[in-house]
Structure formats: structure tokens, C-alpha cells
Amino acid sequence: MERSTDHHHLQLVSPLFTGLLWLSIVGVSWAQREVTIQQGPLYRTVGSHITIWCKVRGYQGPSEQNFQYSIYLPSAPDREVQMVSTQDPSFSYAIYNQRVQIGDISIERVTGDRTTLHIRQLQERDAGEYECHTPNTDPKFYGSYSAKVNLRVLPDTLIVTMPQQEQEKTEGSSLELTCIVSKNSSQHTHLSVSWLLTTDKDIDLLSLSRDFVLVPGVSFSERFSSGDIRMDKLSDSSYRLSIKELQLSDQGDLYCQGSEWIQDPDGIWTMITEKKSQKTKVKISALQGGDFKVQVESTGTSISLSSPLEITCSISGHSPTGGRYRVTWLLDGAVMVTWDSNGASRFGKQYSTQEAKGQMTVRRRDQEAWILRINQASEQDGGSYLCDVTEEGTQRRRQSTSVSVTIQTPRAHVPDVVLRGKVSEVYEGDSVTLFCQVSGSSSFMDVSWLILRTSGSWVEIASLRRDGEVEVAVDYAQTYITGLLTAQRLSNGLHSLKLDSVLERDGGQYGCRLREWTQPTEEEWRNETYNSNRLRMNVLLLGSALEVVLMSRDQQATSGNAVSLFCNVKAAYSLRDKVLSWSWDFQPPSGSSRNLVNVSRDGGLSWGDSIPGFQGLAQVSIMGNTSTLKIYRAQQHHQGAYRCRVRVLRRDPRVPPASASSIIMNVKVQLPAARLLVDTADRVVLVTGGQDEAVVFCDIKVMTPGAVLHVGWFLVSPPSPSAVNILNVTHDGLTSHNPSFSWFLSERISPNKIVLRNLRPRLPGSVYCAVRELLQESGGWVVLAEQISGITRVMVSASDKTLKIPKENVSRAALVGGDVVLRCPLEEVHSSAALYSVSWYYQGSPHSSPSLLYRAGWEGVTGFGEALAGRLQVVAAVRGNYSLILRGVGPEDAGVYHCQVEEWRLQEQSWRLEASDTSGYLQLRVTAPGDRLRVNGTELTLVAPEDSSLTFPCGVESISVPGSVFSITWWKVLDLGHHLVFNASHLGQFVFPSEEGSRLQYERPSELTFQLKILRTQLADAGIYYCRIREWVRTPRGVSYQIAEQSGGNISVTIQAAGSRSHSCSSSWLFYFLLLVLLLFFFLLVVFGWRLLTRWRNKTGGSSLRNGEGRWSEMYIQDRREEDPETEAAAV
């Protein structure tokens, strides 16, 4: 009993261990999400209805997944435009919202994880790249969450026309209608044409499918098989419907319908447009009572000599009680024989002999048909047959249509073999097809193509055997294996040999040979050989017809203007399937020619290191067969000789590349003619005592385009007669003062007007400006012209009035985005008759000159910088108390502010400046807002197999300022430091520092969520990654500055080598799994030890009892016998 108990324990342990082990493995792995969209590119026409399916698998979460469809338009390929969503009704952008509301754009949910996008009326603007995205429902990002397909919208060029008409027909008569169906699509499409009959519903009559197969309607299949209904293609766009014998059921409206089909990349044919023609109304009247119709038929239209020939004459529509008819057969209008109603036959004279020999007979098959039989047809029996039937009594006479019969005579069997093909102008890499047309041969034949070698012998290239096998010569075996040689048996005796990517050595004379096989006996085969004509194929080198032309309208250029050079490549062959690489060379006037820039076959640009001064100032673009070198601002060091080189490559590496160069073109760059003109008129400026400023103007009448100015101000102060340089303003706006005259300020108030402000006009003097015009040239500055202005005399007059403004200097701090009030109060207003001009000035740094911020003139004219137009507001609470409000300050607004007031009075009918004063200085500091940026710091562990994809999330939990923008970088931790993987600036610029940038994909699923995806993972991608977020604020002046920075949590990445078993496990699950395995091991160890101990105790206990006496020994022996009857029997 103990043994069976031990087995029971083992049976419980084994399933328990297996189940726990299975759960532990399954519980720590999950599938990878994969989104799949319909394969593209897809082509559809304007106005058509398109469907695009999208599905997801390998996901976790609810069985009903949500889908979002967006489009990337060709005009903005990097900008996502949201269309429609299963989750959010407000997902659509405004451009698509109305179409979604009316149902023109919708999503059909097929299953929980599969949907179909419907666009019912496709528009031309719907072309672009469509993206299907599934929001994440998984515990972590793993797999792909979106897929894309390209849709291209074609114009609807299908035309289906047939004139609207009415036709009245009689039952049994014929009808022919012609319909024009054409297209002009840029893609490879097929047409299908259908004829339909409308009575109370549309009935399919006959259709020509897109595969060029005629398919009759269900109700017309029998009439189509008998030839009563047929469709003929008369030309590329003309289709004719023929009904030989109309029936009363054919009455109604007939029209044709054309459909255009395209084959999608998944192999499915899709109808992209369908149109109908106008209808033709057909009225059919029944035959009058007793009337009849006559038809004629022959056993065939082509009869072999001495074969039997039967001409059947039948009637329809006759009286149901029968009638008496006289039937006459005519051949080419001559009577052959007449059958009377009484059964007598009368043959023509030329046929009496045949009748007498029994070679020609006439009989009535039934009440409606009579047959003329010629047992052995001769050549004279060929021609046009018709029947003439007369009803006796009524004498109604009807004739059938004619039927032509040709008698074929045997002739000598000489097959005709013709070789043709377009081989007059073939270039290396072209495809050539040689057609071998065989006429008049049996079906048992071999067709071979041969080439004449220089040795004078014909060498076979390939053969099509009579059993359908293709045999290729040894020299062409590799070409055949790689698919560059194909031989096919087409139809009607036509055979083709196609040579793809021919080489120069393939040139020569070609021929076609026919070997015809006949079988005189069952065991014997004979053959005859027939040769075709010869074709000579000359394979030309690509470079033999290559021409490079260099053109320009800017050979005589002016410094500072743009220079464009156009390099156009021409060839006698098409360049569409060729790959072009471009090179530009430059030779300075004194030096050798050197490579300037290269454009590789894949569009990569590489500049030569030996020629500085081009990169950054020049651009190379490729459009079609033209390369353009454009120098945006030509300088004298760009003067020299230019040349363009082109290299043409075939995609077949066996074809040697071709190259050609243009002629050398010299470009000269000269300095522009100086046009500087400065106002030289002398002036007088009167300054009233107490006035704080005197203004002197320097007017530039004319400037040379592209030039800059250097202005120097000079002062002649009595009694010294010499001029002193008091101030200089360089071409880049830097001001340098004479230390002895620091109270002078210079300001450029317009492109052609410069102002000198004297802040201490106490003593008289004369001021003039010296203007120097400069042009940047070859890394330096060249002086084009110099001129001196007229002299302005500054005179100071005494005044009994004094205008005073407080001179107190103050300091103030403001928060970014706040408003600042710049006050300018007068201590005393002398008279209400005076008018005041108030000006505020701003000085950004101690080394810069004060610039005018805002001016309110006494005459009502205001002036201010355009960049500050919306941020300034003047407030005058009471007369003489002025304030300027600066709204939305930023860090760039920090600096020193002051105001200046001028008092103007009316004297002698003119307004004159009486006094001027300047306020104290306001030192403004602008402080940034507090740092409240928080980035998700959760640490993640990701495991992915090799050659899969990884997604690094980075989320922002809180921001410092509403409306701020972010720059994001991802870093990888290395032994030598942190390596930048990807950078997306706050301006939207992407930087891929690594050479592996093509494997990176950046996404922004939401406003505060960022993702970086690594495609086609490699073992080197393993390591620790993290993201870093910088928060930026844009000031009203358009200046951006950083206010906060924080990094996300570490992401530990493990890449499993290909072929190893991949499980995505978190560290906690791995710990619990190992702990579970350890516990199970100890449990099994205890069970096994207990079993060994039990066995040992039973064994030792039995031996002691056998050696002793007592009742326990008998009980033990009895128990053992009950367990093992065989042992008990052996003991007895």
C-alpha cells in the first residue's frame, strides 16, 4: 500500500510542475504590436470611390482597437493633417471636417482590429501619403503603431460616347451599333466594354472583359454561341455590336458602358472609373401574318478540294399550317437548281452532268429546310451562294443574304520564315526583341536564332523545340539564368527572342532558322530546314551619342549679383532608365583646374576641399537632365573657367559607364559702378539756450546696390580752424567715439538718412559727415567711393525759458511677459500755447548708441520701430505728464531707457524750437519665470531581437509657462562619456549626428509626448539611453530663450542575437521566475529523500522480523502474500 501511495504523490507533482512552468514562461512574454496597411502605391481617378484597409495584430488590451487616419500632403510632406478617427469625433482638421460630417470620408469597422477608410468622392487634393495609427493600449511601447501608403490621384480621362438615336426594326432583321471607348491614362490600365439592354431593368447583353474575353449575358449565351450576337473591335477605341436576327424581346434602350481597371501592387484589379453612353431606342415590329424569312447556311466558308459541300436553305415565320414553296439556289447570281413544291428538281445546264452522276442532289429535310449537296467540291463550286424562295398562292418572294464559300486547292508546301526587329539604332544596355514569323508550316517545328561570328560560322543562341522546351547555347547560359535572355512561342506562328541589356559584343548579323518535322510513318521522323533573312544589329557605346552643353546668361557678372550655370546632357537614347552623376570643375585665372563639387548617383553632394569660397555661397540642383550651379552672391574670387562633366551608368554592372564633358566657359566678375551721392547743401541749426539736443542730418541721395556705408562725423569748433573726428559708425553698425566728445550720438533713422545728436549744444560750431561706400569682396572690404556732405553750422541763442524734467536715475525689475511703464513728467508747463514733442530712447548695452523707441511729435506725427508697433502705448493723463507702456517684455528688452521733451512755440507765423530737456535713466532688468518643468523619470528595461525595432518614450508631466516650446535630445551612455543620438530643436530642425541616422524615426504622438524609434536593431544598439528636454519661451520680438532643462529616466536596452529564443521579460518577473524554479527544486528534493527513507525503513524492518518470533511476523508475511500471489505460490 505504501508503494501505490508514493505513485499517487508523483502523479500530482508532475502536472503541477508542468503547469507552473508553462504559466511562468507565458506570463512574462507578450506579442509585438504590428500595424499593416494596404500595399501601395495606389492609383485612383478623380471622383472615384476608394477604400484603404488597415489592421493591427499582436496587441494587448481591449479587443476593439481604435484607428486614426492622417495624410501627409505633397506640398508639406513632413506635416501631419488629421482626417478621421474611430475614437475622437473632433479629430479631423478643418480642411476635412465638413467631408467627414456629411459622410464623404468615413471609417468602416470590419472587425475589432480591422477597419476600412472610405473616400466616396475622391478629389485631386486627396493625393498624398496616408498614415494609419493605432493608439497604444499595451503595458509598454513595443512594436509598430502606424503604417503608411501612398495614394496618387489621376485625372479621369475615360470617354464613352455613342450618338443618341431611334431605330425601328422588323423581327428577324439585323442591327449594328458602334460605341467609342477611349482613355489617356499615364498608368498601365485595362478597359472593359459592356452592352446593356434596358427594358424594365438593365440586362447584360455582351461584355468584353478587362482580360479581352467576350462574356455573354445569361439570357444571351445561346444566341452568342450560335453567332447571332457578336462584338467586334474596329480600332483602338471603336467597338461594334452586331445582332444578326432581332427578336421581339430585344426591344428597349441599348447603351454601352466603359470601365477602366488598374492592378494594385497586391495583384488585385480594381475599377477606378466607369461611364455610360447615351441610349439608342430600338423598336421591333412583329412579322405580319403569313410572312416569312429566308436564311442560307453552308457547311463551311473554306472547303478543301473534293470535300463534300452542303448549302442549306431554311425559312422562318411561315404559316403554322404550312405552305407550298419553290426554292432556288443561286451561285454568283446564276441558277443552280430549283426545287418545286411537288418535289421535282430542275438543274441548270452546267450542273446536269453532276446531277446525272449523282454528285449533286437536292432534298427537303423538314417543313422549313432544303439541302443542296455537292459530294466532291471542285474549284468551280466556290463563290457566293444565296436562296430564293417563292410561296405559291400568295406569290410572296423572299431572298436570303449571301454566303461565300472558298475551295482550297493543295499547293507546294514551302514555309515562309521572316526575321524582324528594331535593330537599326541600339545602345549598350538596351533591350532588343527579334521576332521570327513562320507561315505555312506544320505544328511540329523547331525555331532557332543564330548569330554570325567573325570566323564566318553561324552560332546558335537559343532554340524553341517542338515539345516546348527552350535550349540555350553554352555561351548564353548565364545570360539565360539571370533572366536577360528569354525565348517565347507566341501566337499565329510568331516567336520572339528578347535580349536584355545588350553589350557591344552582341553586335553582328542575326538570322532565324526553322526546322520542320514530318512523320511519314509511325516510327519515322523527317525534317526540313528553312532559313530566314538576315538582320544586322550594331550596338553603339553610350558615350558615342552623349553630349554635354554648358550655358549661362551671366558670363559678365557684377559683384554681389547671382550667377547661374546650366549644364544640360543630351543623348540619342532615352536617359530615363539611366543613372547620372555630375561633376563641376573650376579653374581660377592663375592656377590649375580643380574639382569643385560632385553629385553622386544617389543625389549626395560633396564639395572639393581645395577650393574655398564656394560652399555656403553656391548651390547645386538637379532637375531632369539639367544640373544648375548657382552662386547667390558672386565675388571676384569666383571669376574663372567652369566646366561640367556627366557620367552615365546603366543599372547592369556589365555595361561600362559613359562620360562626357562640356566646353570651358569663362565667367568674369567685376565691381559695380559707384553711385554714391551725398547731400552737399550747407545748413544752419539754431539751438535755444536750455535745449538739451541739437540734431544734424547726413542725407545719402543715392547708394550703390549691395554696398554698405562707413560714416565719420567731423566738428570744426572756433577758434580752431581744423576739423576733429568726433565719432565713427562702421559698416556693421559699431560706433567709436572720440573720448573728448562723448556727448555726441549717431543714429541711422532710415536707410538713406543718418542723424548726429549733440546732447550738449552749449557752444557754436560746424559739423559735416564723411561717407565711405564699401563692398565685401573675397573675404575683405573694397572701397567703392567717398564723399563729404555739406557743412551744418550750429548756432546757440539765449532763452529766458527753461524746460525741466526730473533727472533721477532709477532701477526696476520686471517679469517676462509683463508690462513696464516708462514715465516722462514735466516739472512745470509754462504756457498752454506751447506744443511738446516727446521721444523715448533705448540703449541695450553701454557700448551701443541709444536708439529711438517711440516719438510723439508736436505736429501729431508718431514714429517707432515696426517690431514694436503692437507693444507700445502712449498715455498722457494730464498735460505735461507723459507715459509710454511697453507690453510683454522679454529678456532682450533689458537695458537703459530715457525720454527727451522738446517745447515748440509759434513765432512769426512759424513753429520754432524753444527748449529741450532729457530725463534721468531707467535701468530695466527682466527676470525669467520659475522652473516648473517635470519630465517622466521612470526607468525602463527593453529587450528586443536583432533586426527588429525599438521605441524610446519621453513624456513631459508639467511645464513652466503656457505656450512654451521644447527641444529634445536622446543620449546614449558610453564609457568615455555621453553620445548624442538625436536632436530635435525647438525650431523644428532635426539633427542625426550618427551615421546610423537612416535607422532613426522621430514621432510626436501628442503635445507633451515624444518618441524615438530605432529600426532594424543591431547588437551595437544595446546600452543605456535617456532623453533630455529643454523648455524655451518665445518673446514678442521673436527671440527664443531657454528657461528650464530636465532629463528623463534611464532606458536599459538588451538586443538578442538572431536565432536565440526571444522573451520580453522585466527584471521583477525574472526574479520571481527563478525563485519559483528554486522552490520547485527543493520540493522535489524533499519528496525524493522521503521516498528513499521509506524504502530503507521497510527493508530493515522486514529482516528483523524474519529473525524473530511473534505475531507481527505473521502479519507481515500475510500482507506480502496478498500483494504478490506469485510469490505465495512459489513458497508453497
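Above this text you will find the structure in question.
Computed from a prediction, not measured in an experiment: that's the story for all the values here. (Residues numbered from 1 in each chain as written. Predicted model: local features only at pLDDT ≥ 70, side-chain atom pairs only at ≥ 80, totals over all residues. Heavy atoms only, no water.)

Counting across every chain of the model gives 20 aromatic pairs. Taking the centre distance of 5.2 Å and the plane angle of 25° together, the rings of Trp858 and Trp904 count as stacked. Of the two residues, Trp858 is situated in the loop between β69 (851-856) and β70 (862-864) and Trp904 in strand β73 (residues 895-907); the sequence distance between them amounts to 46 residues. Of the residues examined, Trp858 reaches a relative accessible area of 25% and is grouped as partly exposed. The exposure class assigned to Trp904 is buried, which follows from its relative accessible area of 17%. Between the aromatic rings of Phe952 and Tyr1025, the centroid separation amounts to 4.6 Å while the plane-to-plane angle is 35°, which identifies the pairing as tilted. Of this pair, Phe952 sits in strand β78 (residues 950-958) while Tyr1025 sits in strand β84 (residues 1023-1034), and the two are 73 residues apart along the sequence. (Phe/Tyr/Trp six-rings, centres within 6.5 Å; stacked < 30°, edge-to-face > 60°. Helix = DSSP H or I, 4+ residues; strand = E, 2+ residues; numbered from the N terminus. Buried < 20%, exposed > 50% of the residue type's maximum accessible area, 1.4 Å probe, protein only.)

With that settled, the discussion passes to the sheet that holds strand β21 (residues 293-298). One open sheet accounts for 4 strands, arranged β21-β23-β28-β27; its pairing is antiparallel. Edge positions in the open sheet fall to β21 and β27 (360-364), since each of these has one partner strand only. The mean angle between the axes of side-by-side strands here comes to 15°, regardless of whether they run parallel or antiparallel. In terms of strand pairing, β27 meets strand β28 (residues 369-374) through 5 bridges, oriented antiparallel. Counted as the bridge partner of Arg364 is Trp370 from β28. (Pairing = 2+ DSSP bridges. Axes fitted to C-alpha atoms, helices over the stretch in contact; angles between N-to-C directions.)

For the coordinates displayed, the defined rule picks out 37 salt bridges. In this structure, the salt-bridge partner of Asp446 is Arg465, at a minimum N-O distance of 3.8 Å. Placement of the pair is Asp446 in strand β35 (residues 445-452) and Arg465 in the loop between β36 (458-464) and β37 (470-472), with a sequence separation of 19 residues. No difference in accessibility class separates Asp446 from Arg465, as the two residues are buried. Linking Arg905 and Glu903 is a salt bridge whose minimum nitrogen-to-oxygen distance equals 2.7 Å. Judged by its relative accessible area of 12%, Arg905 is buried. Under the relative-accessibility criterion, Glu903 is labelled buried at 1%. (Salt bridge = Lys/Arg side-chain N within 4 Å of Asp/Glu carboxyl O.)

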